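Spelled out from the first residue to the last, the chains are:
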Amino acid sequence: MRRLRVALARVRGWWRGARVDRDLQDEIAAHLGEATDDFVRQGLAPVEARRRALIAFGGAAQAAEAHREARVVRWLDHLRRDVGQGSRGLRRSAGFSVTVLVVLAVGIGATAALFILVNRIVLRPLPFPDADRIVVLRSRVPGVDLDAADLSSGLFFHYRDRARSIVSAGNYETRVLSLRLADDAAERAQVTYAGAGVFQTLGVAPALGRLFTEDDGRPGFMNVKWTIPILLSHDYWVSRFGADPAVVGRVIRINDNPRVVVGVMPEGFVFPDPETRIWMLSEIPARSASFGRSFTLKTIARLRDGVSVRDAESELVSLLPGIVGVYRDATPERMAELGLVPIVLPFKDVVVGDVARALWPLFGGMLVLLMVAAANGASLFLVRAEARRPEIAMRLALGASQRQIRRLFVIEALLLTSAASLCGLAIARGLIAAVIALAPADLPRSAEIRVDAAAVVFVLALAVLLAAAFGAISARRQRRLALAPAPGDGAWMTRRRRKAWGQDVSIAMQMALALTLMVGSGLMMRTYHNLTAAPLGFSPERMLTLDVAMPGRLAGRHARLYADLVARVRRIPGVESATMASFVPLAGREYEYPIEASTAPVLFKFFVPGYFETMRTPVVAGQSLSPADPSPLPYPVLVSASLARRLYPGRSAIGQPIRRLEEDGTAVTMAHGPVPDFTIAGVVGDVREESLRANAVEIAYVPVIEPAVEQSIVPTNMTLAVRSAGEPARLVDAVRHAVAEIEPALATGQARTMDAIVSHARAHETFVGALLLLASAASLVLGVVGVYGAVAYAARRRTREIGIRLALGARRGEVIGTIVMSAMRSAGAGAAIGVAVALLSARALGALLFGVAPGDPRVIATVAVLLLSAAAAAGWLAALRAVTRDPLRALRIE
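This one's a predicted model, so the numbers in the text were calculated from it and none came from an experiment.

Participant: Please explain the pattern of salt bridges as it appears in this structure.
Facilitator: In the structure shown here, the tally under the stated rule is 21 salt bridges. Asp244 is the salt-bridge partner of Arg250, the closest N and O atoms lying 3.3 Å from each other. In this structure Asp244 comes out as partly exposed when scored by relative accessible area, which is 25%. In this structure, Glu576 engages Arg542 in a salt bridge whose closest nitrogen and oxygen atoms are separated by 3.4 Å. Here Glu576 is found in strand E13 (residues 575–581), whereas its partner Arg542 is found in the loop between helix H17 (491–533) and strand E12 (543–549), with 34 residues between them in sequence. We classify Arg542 as partly exposed; its relative accessible area is 29%. The structure contains a network of salt bridges with shared partners spanning Asp130, Arg133 and Asp305.

Laid out in structure tokens, this is it:
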């Protein structure tokens, strides 16, 4: 205890050291004053009295030092002194301090931002209990050209009931439906149909109420007379119901059917995506299941402890032959025809998707950027260490040890890197906010992205490592300078030649790293340009889209309802034209069916006549089926040019038949018999319906007219497309009013411009390109600073040589040219190395590139010229500063 009390007293003494020192000095001064007065009264002169008082006291400085040693922890006191000296030295070298601070803050901030993205999206487990045991069950069905399909209903029951590696399994499906709340307001929201096994598999508990139970899904629950249970998302509960706990038990009408709220999910729960507002119970009756008809059932499962993904996949493969005979269509012939192969994927891999493939190269690029910043910081520290040679020599002459010098250098570096880390965290926070703002809507786990403790620890670790490295570099330089021969003995030229290779390597490395990042950014900029310039097949300018949902009770008059709505919208002032379709380009897909046996399915788009004129999509052959151009053909449809070429190569498709089949390839039948064939009335130019990258998809356009062309499908979810004469966003209220005027039961959803939809389709490329552009801009700045620092350091070491040359009559331009050319040789070598590295690393961006090869020579040449020009400018500026000194003063410095 006594030792503890003494230690605590010493710490308090150190903490209060400045005040205690002042008090002690005041006390010593008072004691000396009294002693001096006594000697004066004895008849001594004041000066002699003061001398005798000091002798009698025994040394004021020694007494103060002894008192300090007794009351403080020595190493803490030394640390405080070194921190004070270091901070004062950094303030005196404000230019050096600010430059290093900015360079390191940029490098640390960019690296920390990407670390946060990689950690929160890729590395951290999903927010579910034992999330690593949750998997997704899929199928590969080569017999119908499906490489990554989901399960059929028969496969779901077969796997769930027989696989020992699976603890639980659930299926789900997402749709956008029409909701009507107690205030009778209609709206659209994303609803996920989910079995009770989904939430059991995820292992979540509700924040309010309960989850689905087995009793909820007993036979007959899907009868519309029953009130099927639903769950609300936490955000929807707060925003739409005011976080009212009495919402449990409330009835909501979804597609005009009553649904009862039984619970609210916890805050932050996301499944399958952030857009889901409601989960509705959906259980497939086992008696109606089939093996090979439809592979669209999305399924998640939880594995038993100790079971790997590969083990589960092997078990499903072994169980598959046992399905023969269990279902009516599970015959050996159908099995052989489909060639089905089970697939088991970790749920996290499915959630993260391709984002990890983009984030890892970006994080690697940020680490490269940090290396550039560190190299620049090291060059600047070397320049400063060279300039501080007289100061350090004086400290050594006054008794300072090499250990104290090293400690001072490390503390100075730690002060700078700590400040840079704080600034870097602020930069990372800003970058993360920008990332969230620029990120595509489907960026996985976007709600989890934030600056956390792991990011703070990461940044602090970088600060300590960089401080140790910079301190060691400075101390090593000073030690070697102290051991070097005295200037003037001819050794300075030998030292310069022997050490010049270090600066050459530094410049070359920085150029190589900067060029690698800039090439990646240039490739993404070319990709963005190519995506922007790619023909869409339609015109997005001045177009507004509005999602509209029709309740099922109006299905019998949908054709007339849609026609009346389009006619009403066309009468709105400022509207040039209007139409409706089951989906617009680049905004999703809904209907997809095969049109002939054993072929991949094609898209089916339902449209109101006038669609192609409004979208400005060319009809290259036949009729457009506009109100002014009706077709005399029976059951007329239009097809895309790519589909027409495949079905009828080398001849006209006009007048040819086309039949939609069920998903399993069988004929579509209704109560009165088979649905008749369509007749191709026109061929439409190819449109990029799915993405800007993909080639034009095959699509069949089915008009919504009377009498009905398609007798087995009633499109209840449609999108109203309006082309305006001015700003389309100004028409939103008028269009919504027109919808309510035609039929109040129609629910309107999200309103977007086509320009916004096209921008969203480029969101991934914009997101990655923006990050790379930021990284490349930072790397260019850091590379230029690095070249400047390296040239300045080299010029500093050549001060004697430069002074002699200028004194002997050399022109400043010649000296500048010599210094710059020396640096540019190193920069050129680094650029050559960077080109080789860029060619290898750009392959990691291959999946993100469009219309440009990873080794595009124009991008590489442009980047190399830009970088070398910037390096030459930085070298010229550093050399200019070196030769503007007076030659005699330059010689005196040495």
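Participant: For this particular structure, what's the right way to read helix H21 (residues 732–742)?
Facilitator: Residue pairs spaced three or four apart in an α-helix point in one direction, given the helix's 3.6 residues per turn. When we look at burial in H21, the residues that qualify are Val732, Val735, Ala738 and Val739. Axial view of H21: buried residues confined to an arc of 130°, hence all on one face. Looking at the buried side of H21, the elements it contacts are E12, helix H18 (558–570), strand E23 (717–724) and strand E24 (747–753).

Participant: I keep staring at the pairing of strand E10 (residues 298–303) and nothing clicks. Help me out?
Facilitator: Every regular strand shows the same layout, with side chains that alternate between the two sheet faces. Among the six residues that make up E10, five are buried, leaving the element largely enclosed by the rest of the structure. Taken together, the four bridges between strand E1 (residues 134–141) and E10 define a ladder with antiparallel strand orientation. Bridge pairing links Leu137 to Thr299 in E10. Relative to E10, strand E3 (residues 166–180) runs antiparallel, the two being bridged by six bridges. The partner of Ser168 across the bridge, within E10, is Arg302.

Participant: What exactly am I supposed to notice about the side chain of Glu448 here?
Facilitator: Positionally, Glu448 belongs in the loop between helix H15 (402–438) and helix H16 (453–483). At 2.9 Å, the side chain of Glu448 forms a polar contact with the side chain of Arg445. Setting aside its immediate chain neighbours within four residues, Glu448 contacts Arg120 and Pro127.

Participant: Would you take a moment to explain unusual backbone geometry for this structure?
Facilitator: Keep in mind that most residues, glycine aside, have a negative phi and that most peptide bonds are trans. The residue after Phe271, namely Pro272, is reached through a cis peptide bond having omega -10°. Looking along the chain, the bond that leaves Glu706 and enters Pro707 is cis, with omega of -5°. Along the chain, Pro707 turns up in the loop between strand E22 (699–703) and E23. Here the phi dihedral of Ala243 falls at roughly 55°; this positive angle occurs in a residue that is not glycine. Position of Ala243 relative to the elements: it lies in the loop between helix H9 (234–241) and strand E7 (251–254).

Participant: Could you clarify how one ought to interpret the nonpolar core in this entry?
Facilitator: The nonpolar side chains of a soluble globular protein tend to be buried with one another. Ranked by internal contacts, the top residues of the largest apolar core, which has 49 residues, are Val569, Met580, Phe604, Ile658, Leu720, Val722 and Val735. Looking at which element gives the most residues to this core, the answer is H18, with six residues. Beyond its immediate sequence surroundings of up to four residues, Val735 is in contact with Leu544, Leu546, Val569, Ile572, Leu720 and Val722. One finds Leu359, Leu443, Ala455 and Phe458 within the second-largest nonpolar core, a separate group that totals 48 residues.

Participant: How should I be thinking about the packing of aromatic side chains in this particular structure?
Facilitator: Each aromatic ring pair is described using two quantities: the centre-to-centre distance and the angle formed by the ring planes. Applying the stated criterion to the full structure yields 22 aromatic pairs. Between Phe199 and Trp279, the ring centres sit 6.5 Å apart and the planes meet at 80°, which makes this aromatic pair edge-to-face. Residue Phe199 is located in helix H8 (residues 196–202), and its partner Trp279 is located in strand E9 (residues 276–281); the two are separated by 80 residues in the primary sequence. The exposure class assigned to Phe199 is buried, which follows from its relative accessible area of 2%. Cluster of aromatic residues (ring-pair linked, three or more members): Phe128, Tyr172, Phe199, Phe212, Phe269, Phe271, Trp279 and Phe347. Looking at Arg660, its charged tip hangs above the ring of Tyr593, at a distance of 4.3 Å from the centre.

Participant: Explanation requested: the packing of helix H14 (residues 389–397) against H15 in the structure shown.
Facilitator: A pair of packed helices can be characterised by two numbers: the angle between their axes and the separation between those axes. For the pair H14 and H15, the least separation of the axes is 10 Å and the interaxial angle reads 140°. When the axes of H14 and H15 are compared, the pair comes out oblique. Between H14 and H15 the crossing geometry is right-handed. When H14 is examined against H15, the residues Ile392, Arg395 and Leu396 are found in contact with a partner set consisting of Gln402, Ile405, Leu408 and Phe409. A per-class count over the contact of H14 with H15 returns five nonpolar, one polar and one charged.

Participant: Looking at this model, I keep getting lost on the confidence of the model for the chain. Mind explaining?
Facilitator: One rule of thumb: low pLDDT means the predicted coordinates there are not for detailed reading. On average, residues of the chain score 80 in pLDDT, and 82% of them reach the 70 mark or higher. Here helix H1 (residues 2–15) stands out as the element of the chain with the lowest mean pLDDT, 51, in contrast to E10, whose mean of 95 is the highest. Overall, residues 485–499 carries pLDDT values under 50, and its contacts beyond four positions in sequence, including any with other chains, amount to 18 contacts.

The rules we used
Residues numbered from 1 in each chain as written. Predicted model: local features only at pLDDT ≥ 70, side-chain atom pairs only at ≥ 80, totals over all residues. Heavy atoms only, no water. Salt bridge = Lys/Arg side-chain N within 4 Å of Asp/Glu carboxyl O. Buried < 20%, exposed > 50% of the residue type's maximum accessible area, 1.4 Å probe, protein only. Helix = DSSP H or I, 4+ residues; strand = E, 2+ residues; numbered from the N terminus. Arc of directions from axis to C-beta. Contact = heavy atoms within 4.5 Å. Pairing = 2+ DSSP bridges. Polar contact = N/O pair within 3.5 Å; in protein donor to acceptor, adjacent residues only side chain to side chain. Core = buried A, V, L, I, M, F, W, Y, C linked by side-chain atoms within 4.5 Å. Phe/Tyr/Trp six-rings, centres within 6.5 Å; stacked < 30°, edge-to-face > 60°. Lys NZ or Arg CZ within 6 Å of the ring centre and 35° of its normal. Axes fitted to C-alpha atoms, helices over the stretch in contact; angles between N-to-C directions. Parallel < 35°, antiparallel > 145°, perpendicular 65-115°, else oblique. Left-handed = near helix turned anticlockwise from the far one by under 90°. Nonpolar A, V, L, I, M, F, W, Y, C, P; charged D, E, K, R; others polar. pLDDT = per-residue confidence, 0-100.

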